[in-house]
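Survey of secondary and tertiary structure
One-letter residues, chain by chain:
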Amino acid sequence: MTGTLTLAGLGPGSDALLTPEVSAALAAATDILGYAPYVARVPPRAGLSLHPSDNREELHRATEALRLAAAGGQVVVVSSGDPGVFAMASAVFEALEQAPQYRELSIRVLPGITAMLAAAARAGAPLGHDFCAINLSDNLKPWALIEQRLRLAAEADFSIALYNPRSASRPEGFGRALAVLKEAGCGERLVIFARAISAADETIVTVTLNDATPEMADMRTLVIVGNSQTRRIGRWVYAPRRSP
C-alpha cells in the first residue's frame, strides 16, 4: 500500500490555531474527507479532491478514507479541534477493526487545539486543576449514561467541559444537563459559555449555574462548568492549583 491516511485536527476555527504539521499534511493531500463545514475550511487547488459529507456519516467516511488511501491516495480526514476528542480518529480505527485488509496502511493522527483548550485559554485557566470532558450528544450513548457521568463528575468536584451541548435535533438535552448539575449541588459554580472561539463572532459569557439557561448554548458553544473552588478575578476565571 503506497498511500497514507492522516487524521488531522483543524483547531477551533482560526487558521492561526492550525498547527504547522497539519498545514503540511493538507498541502500534500490528494483527498480531503470530513463533515462538510470542516472540508469547506480547506481551500480547493489543482490535484486535490474534496469529499464533504453529512455529520452522521462518520463510519462511511472512515471506510472510504481507508479505501482511497489503500488505492494510493495521500488522504486526510479532517475534524475540528483535535481528531481524537469526540471526532474522527475513533471512527477510523473502528472502521479499521472491521477491515483487516487495511491494517498495514500508513496512518498518522495529528493533534489539534480542541475547543475546551481554546475556550479555557480565552477565559483564563478554568481547567487549571483536575477536569473531565463530557459529550452531551446522545446519538451514540443513552441519556441515562450522560446523566450518571454528570452526577459523578460533580461529586468528584471536577471542572467539566461540555461538548455538543444543544442542537436543533436535541433542544432539550442541555436543559436536562443543567438540571442534573443543579440537583447535584453545583448551583453556585461558575459556568463559561464560549461560542465560536477564534472566529469573528466569538463570545464568552460567564454566569453562575443558577443563572444559566439552555438558550445560552448551541452547537458552536463549548461550556465549562467550574469546580467548587473556581473563582473570578475581573474578567478572568481560574481554578486554583490546590484543593482545600
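Before reading further, recall that the structure is shown in the block above.
We now turn to the structure provided with this report.

How each quantity is defined
- Residues numbered from 1 in each chain as written.
- Predicted model: local features only at pLDDT ≥ 70, side-chain atom pairs only at ≥ 80, totals over all residues.
- Heavy atoms only, no water.
- Helix = DSSP H or I, 4+ residues; strand = E, 2+ residues; numbered from the N terminus.
- Contact = heavy atoms within 4.5 Å.
- Pairing = 2+ DSSP bridges.
- Axes fitted to C-alpha atoms, helices over the stretch in contact; angles between N-to-C directions.
- Salt bridge = Lys/Arg side-chain N within 4 Å of Asp/Glu carboxyl O.
- Buried < 20%, exposed > 50% of the residue type's maximum accessible area, 1.4 Å probe, protein only.
- Parallel < 35°, antiparallel > 145°, perpendicular 65-115°, else oblique.
- Left-handed = near helix turned anticlockwise from the far one by under 90°.
- Nonpolar A, V, L, I, M, F, W, Y, C, P; charged D, E, K, R; others polar.
- Polar contact = N/O pair within 3.5 Å; in protein donor to acceptor, adjacent residues only side chain to side chain.
- 1 Å grid on protein atoms, 1.4 Å probe; cavity = no way out; pocket = protein on both sides within 12 Å on 5 of 7 lines; lining within 4 Å.
- Points joined across faces, edges and corners; volume = space filled by probe spheres on them.

Focus: the environment of P12
- Here P12 shows up in the loop between β1 (4–9) and α1 (20–28).
- Setting aside its immediate chain neighbours within four residues, P12 contacts L17, R41, G81, I113, A118, I197 and S198.

Topic: the sheet that holds strand β8 (residues 159–163)
- The strand order across the open sheet formed by 5 strands is β7-β8-β11-β9-β10, and the pairing between neighbours is mixed. For this open sheet the edge positions go to β7 (131–135) and β10 (203–208), each flanked by a neighbour on one side alone. Within this sheet the neighbouring strands show an average axis-to-axis angle of 20°, counted without direction.
- Where β8 and strand β11 (residues 221–225) come together, 3 bridges link them in antiparallel fashion. The partner of L162 across the bridge, within β11, is V223.
- Sheet strands touched by helix α5 (residues 115–123): β7, β8, β9 (190–195), β10 and β11. Its angle to β11, the strand with the most contacts, is close to 65°.

A few points about the pattern of salt bridges
- For the coordinates displayed, the defined rule picks out 8 salt bridges.
- For R122, the salt bridge goes to E202, with nearest N and O atoms at 3.0 Å. Of this pair, R122 sits in helix α5 while E202 sits in the loop between β9 and β10, and the two are 80 residues apart along the sequence.
- Given a relative accessible area of 36%, R122 falls into the partly exposed group.
- Since its relative accessible area comes to 27%, E202 is described here as partly exposed.

Quick look at the side chain of S53
- With respect to the secondary-structure elements, S53 resides in strand β3 (residues 49–53).
- For S53, the contacting residues outside a window of four places in its chain are G34, Y35, A36 and R61.

Side note on the packing of helix α3 (residues 58–70) against helix α4 (residues 88–98)
- Relative to each other, α3 and α4 sit at 65°, their axes nearing to 8 Å. Considering the angle they form, α3 stands roughly perpendicular to α4. As α3 packs across α4, the resulting crossing turns out to be right-handed. Of the residues in α4, those touching α3 at E58, L59, R61, A62, T63 and L66 are M88, A91, V92, E94, A95, L96 and Q98.
- Looking at the contact of α3 with α4 residue by residue, the class counts come to 8 nonpolar, 2 polar and 3 charged.

A short note on the environment of H129
- Relative to the elements of secondary structure, H129 occurs in the loop between β6 (124–125) and β7.
- With 114 residues separating them along the chain, H129 and S243 place their C-alpha atoms 8.5 Å apart.
- Not counting chain neighbours up to four residues away, the residues in contact with H129 comprise N227, A239, P240, R241, R242 and S243.
- Among the polar contacts made by the side chain of H129, one reaches the side chain of S243 at a distance of 2.9 Å.

A short note on the layout of surface pockets
- Estimates place the volume of the largest pocket at around 1800 Å³.
- Considering the residues around the largest pocket, the lining is formed by 48 residues, among which Y38, S80, F86, N164 and M219 are closest to the centre.
- Sorting elements by how many residues they give to the lining of the largest pocket places α4 first, with 4 residues.
- Per-class residue counts for the lining of the largest pocket are 22 nonpolar, 15 polar and 11 charged.
- Approximately 170 Å³ is the volume attributed to the second largest pocket.
- L10, D15, L18, S23, L26, R41, V42, P43, R45 and L48 are the residues that line the second largest pocket.
- Each residue belonging to the lining of the second largest pocket can be placed in one class, and the counts come to 6 nonpolar, 1 polar and 3 charged.

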